[in-house]
Each structure stands twice: as C-alpha cells, then as structure tokens.
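Commentary on secondary and tertiary structure
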Amino acid sequence: MERVRKYVAEFIGTCILVTLGCGTAMLVGCDAEHGGGYILTALAFGLAIVAMAYGVGNISGGHVNPAVSLAVLMSGGMDVKDFFGYVVAQILGAFTGSGILALIFDLGAVEDKTGGYGTNGLGGVDGNAAAGLVVEIVLTFIFLLAILGVTSKKQNHGSFGGLVIGLTLVGVHILGIGLTGTSVNPARSFGPALIAAINGNTDPMSSLWVFIVGPFVGACLAALVYKLLEGRSDKE
C-alpha cells in the first residue's frame, strides 16, 4: 500500500506540473519577440515544482520526473521496482495533464500559442538534434546536481530544499526555452507529444527521442559527478 501511495503521489505531481507549466506556455506563447512569455513559463514550471515538493514530497519524494528518479536510483535512494513504478506513474500523470489541457484549450476554443500542447522542439537550434541533445544534457545536469546537493542527508537545508529546486528549474528554463523549450523531464515531453499526435500533429514525435535521451544522460552524469564530489569531501 505504501508503494501505491507513492505512485499515486507521483502521478498527481506530474499531472499538476504539466498542467501548470505546459498550460502557461500554451497560453502566453514562448516566441523570441515576447520574452515575457519565457519568464512566465519558467516561473510556472518552477512554482509547480515548489508546490509539489511540499505537497507530495513527504510521500514520494516529489520526483515528478523520470530523470530525477534515475539519479536517485543511481545514488541508492530507491530500488529498481520503485523506479519503474515511479516512471510509469509519471508518464501517466503527464499524459493526463496534457489531456486536461487539450480539453481546456480545444473545448474552450482558446488559442494554443505553442502550436502543440507545450511540446518540446528543436526550432531554437535550427532543427539540429545534436545541439538539442547537448542542451538537454547540460540543463538536466545542472538541475539534477542541485537536487542531489539539496537533498543530501549529509547537508541540512531545512525547509528550503523545495524552493531551491524550484528556482533552479526556473533558471534552466530561462536559458532553455528559446533553444528546445526545456524538457529536462522525459515524462513532461512524452505526454504533450502523445496528445499532439492523437490530435493530428505528429511533428513533435520525430524529435521526442532527444528529450528522453538527453535528460537521462544528464541525470546519469549528475549522479556520477555528485557521488565523486561527495566522496572526496568525506575524505577531506
């Protein structure tokens, strides 16, 4: 039953993240001419993470992101069974959140200014998949390094951990939105892309692999680097 509660918490958390973050992007747009849309979208994703860190973090850890779960698995913070349970719950949550947005925007005749339910894309890097992959690896590495540091049992960050994580997500979005739309979260990318495909827009599916592979590679690198740094500090 405890496992089920964790999975439900991850489902709810990821659903809310996608609904708030991608929904804001759909509403305000994220084109280069209107930089305000960048800030609003970045804040929406960051504030959603803050809310979920305090809302479901005490139940499941508030990963709401398969890349975070992978880094936690590599750091010894969860077992393989929980990892796969978390990932399934996160994907279903992202799909549900995207479905909610489809209902709001399609039935409400509200314009989706992103043109694809807040999906990620390679337009900011001129369609170059390699460049997009580098962007996602670097941004995920930064995000996960902050998460691993602030949640380390060897450091006491009190009740400010969720705020630090949320602000870090805001930061990586400010840079990444104009490049790839900022994923750093495979579930967040998969849900909107699948809903877009169901509604006839299959373009986001062609580059979806970048937003799955990139975050997972970035998470692995962050886990390895943090483990190395933490081990060295112990010896000192």
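Our structure's up above, just so we're on the same page.
Overview of the structure. (Residues numbered from 1 in each chain as written. Predicted model: local features only at pLDDT ≥ 70, side-chain atom pairs only at ≥ 80, totals over all residues. Heavy atoms only, no water.)

1. Section: the packing of helix H6 (residues 129–150) against helix H7 (residues 161–176)
The relative placement of two packed helices is expressed as an angle between their axes plus a distance between the axes. Where H6 contacts H7, the two axes come as close as 10 Å, and the packing angle between them is 170°. Considering their axes alone, H6 and H7 lie roughly antiparallel with respect to each other. On the side of H6, the interface is formed by Leu 139, Ile 142, Phe 143, Ala 146, Ile 147 and Val 150, while H7 contributes Gly 161, Val 164, Ile 165, Thr 168, Leu 169, Val 172, Leu 175 and Gly 176. Each residue belonging to the contact of H6 with H7 can be placed in one class, and the counts come to 11 nonpolar, 3 polar and no charged. (Axes fitted to C-alpha atoms, helices over the stretch in contact; angles between N-to-C directions. Helix = DSSP H or I, 4+ residues; strand = E, 2+ residues; numbered from the N terminus. Parallel < 35°, antiparallel > 145°, perpendicular 65-115°, else oblique. Contact = heavy atoms within 4.5 Å. Nonpolar A, V, L, I, M, F, W, Y, C, P; charged D, E, K, R; others polar.)

2. Things to note about the environment of Val 164
The residue Val 164 is located in helix H7 in this model. What makes Val 164 partly exposed here is its relative accessible area of 38%. Between the C-alpha atom of Val 164 and that of Val 87, which follows or precedes it by 77 residues, the distance is 23 Å. (Buried < 20%, exposed > 50% of the residue type's maximum accessible area, 1.4 Å probe, protein only.)

3. Let's talk about the nonpolar core
Counting residues in each nonpolar core, the largest one holds 42 residues, and the members touching the most others are Phe 143, Leu 144 and Leu 169. Element by element, the count of residues in this core is highest for helix H5 (residues 80–107), at 8 residues. (Core = buried A, V, L, I, M, F, W, Y, C linked by side-chain atoms within 4.5 Å.)

4. A word on the state of the cysteines
Counted by the stated rule, this structure contains 0 disulfides. With no disulfide of its own, Cys 15 lies closest to Cys 22 among cysteine sulfurs, the gap being 11 Å. Its relative accessible area of 0% is what places Cys 22 among the buried residues. (Disulfide = S-S within 2.5 Å.)

5. Structural notes on the packing of aromatic side chains
Scanning the entire structure with this criterion turns up 2 aromatic pairs. Between Tyr 7 and Tyr 86, the aromatic rings sit 6.0 Å apart at their centres with planes inclined by 85°, giving edge-to-face as the arrangement. You can see Tyr 7 sitting in helix H1 (residues 2–28) and its partner Tyr 86 sitting in helix H5, a full 79 residues away along the chain. Of the two residues examined, Tyr 7 and Tyr 86, each falls in the buried class. The interplanar angle of 70° and the centroid separation of 5.2 Å between the aromatic rings of Phe 83 and Phe 84 together place this pair among those described as edge-to-face. (Phe/Tyr/Trp six-rings, centres within 6.5 Å; stacked < 30°, edge-to-face > 60°.)

6. Brief notes about a nonpolar patch on the surface
The grouping of Tyr 54, Phe 160, Leu 163, Val 164 and Leu 167 at the surface amounts to a nonpolar patch, some 500 Å² of accessible area in total. Among the elements that make up the nonpolar patch, the one with the highest residue count is H7 (3 residues). Counting through the fold element by element, Phe 160 comes out in the loop between H6 and H7. With a relative accessible area of 56%, Phe 160 lands in the exposed category. (Patch = residues over 30% accessible without salt bridge, like charges linked within 9 Å, V, L, I, M, F, W, Y side chains within 5 Å. Areas by Shrake-Rupley, 256 points an atom, 1.4 Å probe, with all protein chains shown as cover. Salt bridge = Lys/Arg side-chain N within 4 Å of Asp/Glu carboxyl O.)

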